[in-house]
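Residue strings, one per chain:
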Amino acid sequence: MSPLDELQSKALAELAAIADLKELEAWRVFYLGKKSQLTQTLRGLASLSVDDRRQAGAQANQLKLLLESSFEEKKKTLQQAQLAAARQEYFDVTLAGRPLTLGRLHPVTQTIREIGAIFSGLGFQVVEGPEVEWDRYNFEALNIPPGHPARDMWSTFWMDYKTESGQTPMLLRTHTSPMQPRVMEKTKPPVRVVVPGKVYRYEATDATHESQFHQVEGLAVDEGITLADLKGTLYEFARRFFGSDRKARFRCDYFPFVEPGVEMAIDCWVCKGAGCRLCGNSGWIEILGAGMVHPHVLERVGYDSNKYTGFAFGMGVERMPMLKYGIDDIRHFFANDLRFLRQF
Ligand code: YSA
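This report concerns the structure included in the present document. Bear in mind the structure is a predicted one, so any value in this text is a computation, not a measurement.

Attention shifts here to the environment of Thr174. Tracing the sequence through the fold places Thr174 in the loop between β4 (166-172) and α7 (179-186). For Thr174, a relative accessible area of 0% puts it in the buried group. For the pair Thr174 and Ser211, spaced 37 residues apart in sequence, the C-alpha separation works out to 9.6 Å. For Thr174, the residues in contact, after removing those within four places along its chain, are Asn138, Phe139, Trp154, Ser155, Thr156, Val199, Tyr200 and Arg201. Of note is the side chain of Thr174, whose polar atom sits 3.0 Å from the side chain of Asn138.

In structure tokens form, the structure reads like this:
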């Protein structure tokens, strides 16, 4: 084997084992650089006879071409491998981002927040309370003792709670009003709170009634509060929530924990007051019950009813977006149909 044959097989074997571009450059310098054996051989050709020079020159040049093309090929292979590896971590900052599927707040949650924000703006604080409640807060502290016929106004889900002294009746609160005595027990007047939350009624559902729905309770107690404050506050709320073009109406109503008691209604969105199936042909849809807090309720929590007066109200939350956006059935809110929920 001639020295150039040996050089060829050694160079090609080493080239095959090379795994990165740095090693490849060292290989090029060694086998094809100015001081390489091959370059020296080519330079030494001048001292040979014409015949020897022709033969040795042709072989050396052929080897040079082979090593150069093998080098280029290997370089290309290594560069492609390097690019492929880099692509795995490659992040193109110019690409448009993939859209995120964001969730959204349930329309009832949005409504509760909107109502809370309006009353915050009117000086009320937002507080929350328990959904599983004692009889004494849901009824007794509200002037509705056991056996009182007004208990029938709130069909109740009862449950028994075992204590050391036996079974004590508990219930799923039928309204947010039990938060009135709960707040007053812990606070001295003046009081101004709104209480959003879930309430439960053991009753059949229809287009405007659910067995689980939401209310926002309101309570204001201070010296000198009158029915005019109640009406002014609720008119202002209705103006901010529904807009000034909707009509609001107050009528007498009865609740054992207020005297006098009223209900507030808004003109029906479907018939604009003319009368239809949704509003029971009355032209109005009731949104809340309210009144001046009964002196018995104030006295039970230790407030002096000669000094302090107050108003309270309890509004149905679902009825608000129904009126505002023209939703004709309350059951849409809890049917979990995304086509409905995505509209809000
Ligand atoms: C009254 C006087 C006060 O000083 C304070 C609060 C109240 C309201 C009282 N606690 C109450 O629950 N009255 S209510 O039974 O008439 O309900 C109040 C509002 O809740 C209704 O005006 C209506 O908007 C809504 N509502 C009642 N039953 C409902 C309902 N919403 C959906 N489904 C039902 N089943």
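What follows covers the packing of aromatic side chains. Aromatic rings considered in pairs are described by the distance between their centres and by the relative angle of their planes. Tallied over the entire structure, the rule returns 19 aromatic pairs. Clustering of aromatic rings is evident, with ring pairs tying together Phe119, Phe124, Phe237, Phe241, Phe242, Phe311 and Phe313. Across the ring face of Tyr137, the terminal group of Arg182 is positioned such that the distance to the ring centre comes to 4.2 Å. Positioned over the ring face of Phe241 is Lys324, at 4.3 Å from the centre of the ring.

Glancing now at the site of the ligand. Close contacts around the ligand come from 27 residues, with His175, Ser177, Arg201, Glu203 and Glu286 the closest. At 2.8 Å from a nitrogen atom of the ligand is found a side-chain nitrogen or oxygen belonging to Ser177. Taking Glu210, its main chain carries an N or O atom lying 2.9 Å from a nitrogen atom of the ligand. Relative to its free-state accessible area of 690 Å², the ligand is covered by the protein chains to the extent of 95%. For the shell around the ligand, the elements supplying multiple residues, two or more each, are β6 (212-223), β9 (284-293) and β10 (308-316). For the shell around the ligand, the element with the highest residue contribution is β9, accounting for six residues.

Moving on, we get to the sheet that holds strand β1 (residues 125-126). Here we have seven strands laid out as an open sheet, ordered β1-β5-β6-β10-β9-β8-β7, and mixed in their pairing. Each edge of the sheet is formed by a strand with only one pairing partner; in this case those strands are β1 and β7 (248-253). As paired elements, strand β8 (residues 258-267) and β9 share eight bridges and run antiparallel to each other. Within β9, the position partnered with Val262 by the bridge is Ala290.

This part is about the nonpolar core. Among soluble globular proteins, nonpolar side chains are generally buried collectively. If you look at the biggest cluster of nonpolar residues, it comprises 42 residues, and the most contacted ones within it are Phe119, Leu234, Phe313 and Met315. Mapped onto this core, the elements with two or more residues apiece are α5 (107-121), β6, α8 (227-242), β8, β9, β10, α10 (319-325) and α11 (338-341). Top contributing element to this core by residue count: α8, with six residues.

With that out of the way, let us pick up the pattern of salt bridges. Scanning all chains against the criterion turns up 15 salt bridges. In this structure, Arg192 and Asp222 form a salt bridge, with 3.7 Å as the shortest nitrogen-oxygen distance. Residue Arg192 is located in strand β5 (residues 191-200), and its partner Asp222 is located in strand β6; the two are separated by 30 residues in the primary sequence. The salt bridge partner of Arg240 is Glu236, with a shortest N-O separation of 2.7 Å.

Within an α-helix, residues lying three or four positions from one another point in the same direction, as the helix has 3.6 residues per turn. Its 15 residues give α5 an end-to-end C-alpha distance of 21 Å, which sits within 8% of 21 Å, the value for a rise of 1.5 Å per residue. Taken together, the buried positions of α5 are Pro107, Val108, Thr111, Ile112, Ile115, Gly116, Ile118 and Phe119. Within two residues after α5, Gly123 carries a phi angle of roughly 95 degrees, on the positive side.

Conventions used here
- Residues numbered from 1 in each chain as written.
- Predicted model: local features only at pLDDT ≥ 70, side-chain atom pairs only at ≥ 80, totals over all residues.
- Heavy atoms only, no water.
- Helix = DSSP H or I, 4+ residues; strand = E, 2+ residues; numbered from the N terminus.
- Buried < 20%, exposed > 50% of the residue type's maximum accessible area, 1.4 Å probe, protein only.
- Contact = heavy atoms within 4.5 Å.
- Polar contact = N/O pair within 3.5 Å; in protein donor to acceptor, adjacent residues only side chain to side chain.
- Phe/Tyr/Trp six-rings, centres within 6.5 Å; stacked < 30°, edge-to-face > 60°.
- Lys NZ or Arg CZ within 6 Å of the ring centre and 35° of its normal.
- Near = heavy atom within 4 Å.
- Areas by Shrake-Rupley, 256 points an atom, 1.4 Å probe, with all protein chains shown as cover.
- Pairing = 2+ DSSP bridges.
- Core = buried A, V, L, I, M, F, W, Y, C linked by side-chain atoms within 4.5 Å.
- Salt bridge = Lys/Arg side-chain N within 4 Å of Asp/Glu carboxyl O.
- Expected span 1.5 Å × (residues − 1).

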